[in-house]
Amino acid sequence: DRMLYVDADSVIQNPVDRIFENIPDKGVLLCKMFHWGLDRRRMYRIYINTLSLLNISLPVNVYYGAFVAYKSGELSSTFFYTWHNNWNLTGRGREMPSLCCAAKLLSSSVKTIEDTSWAFSDKIDPKVIIQHECGRYLREKVGCSFFTHYKPFDLKNKGDWSIVPC
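Just so it is clear, the structure is predicted and the values come from calculations on it, not from any experiment.

**Student:** Can you help me understand the packing of aromatic side chains in this one?
**Tutor:** The description of an aromatic ring pair uses the distance of the two centres, along with the angle that the planes make with each other. This structure, assessed with the given rule, holds twelve aromatic pairs. Taking the centre distance of 5.0 Å and the plane angle of 85 degrees together, the rings of Trp-36 and Tyr-47 count as edge-to-face. Taken as a pair, Trp-36 in strand β3 (residues 28-36) and Tyr-47 in helix α2 (residues 45-53) lie far apart in primary sequence, eleven residues in all. Centre to centre, the rings of Tyr-44 and Tyr-47 are 6.5 Å apart; their planes meet at 40 degrees, and the pair counts as tilted. For Tyr-47, a relative accessible area of 1% gives the class buried. Aromatic ring contacts, followed pair by pair, group Phe-34, Trp-36, Tyr-44, Tyr-47 and Trp-161 into a single cluster.

See below:
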């Protein structure tokens, strides 16, 4: 009844017990990347567009889409349905803006790891449980093949990752 989702370019390098201990009852556990408050003046275009389309206002937390842990139940099912629906409504591109909106809409079913130093990192750190893609280091460590950074929807929408005024 517990599940841990990690990106294909991530490696579980330490026991996952602590992650599972932190999942809320029948809910979802996410790793926070950063917070955008009411005073935010500039953001990535893709987030501005997604927040506007889904009628979500600041403040919001931005989460790593490469890490999601959950316990099965109605709350987690509703969360994933909302995330997927948001993603469909916003063009089926990058998942993180839709994840951010689902987490805000269903905040009662989400627990946030504020200090990710023990759980997840996209910088080389042998102490974390989940090591996200770190280029050559990770590929050599576990023998995985290289992946494509830019998907077709990225190539058509490179401007999405421009930082623009809100």
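**Student:** Is there a simple way to explain α2 in this structure?
**Tutor:** Note that an α-helix has 3.6 residues per turn; residues three or four places apart therefore point the same way. Looking only at α2, the buried set comprises Ile-46, Tyr-47, Thr-50 and Leu-51. Buried residues of α2, seen end-on, are gathered within an arc of 125 degrees and therefore sit on one face of the element. Turned more than 90 degrees away from the buried face of α2, the exposed residues are Ser-52 and Leu-53. On its buried side, α2 packs onto β3, β4 (42-44), β5 (60-71) and α4 (96-105). A positive phi of about 60 degrees marks Asn-55, the residue just after α2.

So, how was this worked out
Throughout, residues of each chain are indexed from 1 in the direction in which the sequence is written. In view of the model being predicted, local features appear only for residues whose pLDDT reaches at least 70, and side-chain atom pairs are presented and counted only at 80 or more, with totals across whole chains, interfaces and linings using the full set of residues. Calculation of side-chain values draws on the structure's entire complement of heavy atoms; hydrogens and water are dropped beforehand. Ring pairs shown here join Phe, Tyr and Trp side chains whose ring centres sit within 6.5 Å, with only the six-membered ring taken for Trp; geometry is labelled stacked below 30 degrees between planes, edge-to-face above 60, and tilted in between. Helix numbers and strand numbers start at the N terminus; a helix is a DSSP run of H or I with at least 4 residues, a strand a run of E with at least 2. Relative accessibility thresholds used throughout: buried, under 20% of the residue-type maximum; exposed, over 50%; partly exposed, between the two (1.4 Å probe, protein chains only). In this description, one arc is meant: the one made by directions from the helix axis to the C-beta atoms. Note on contacts: a residue pair qualifies if any of its non-hydrogen atoms lie within 4.5 Å across the two residues.

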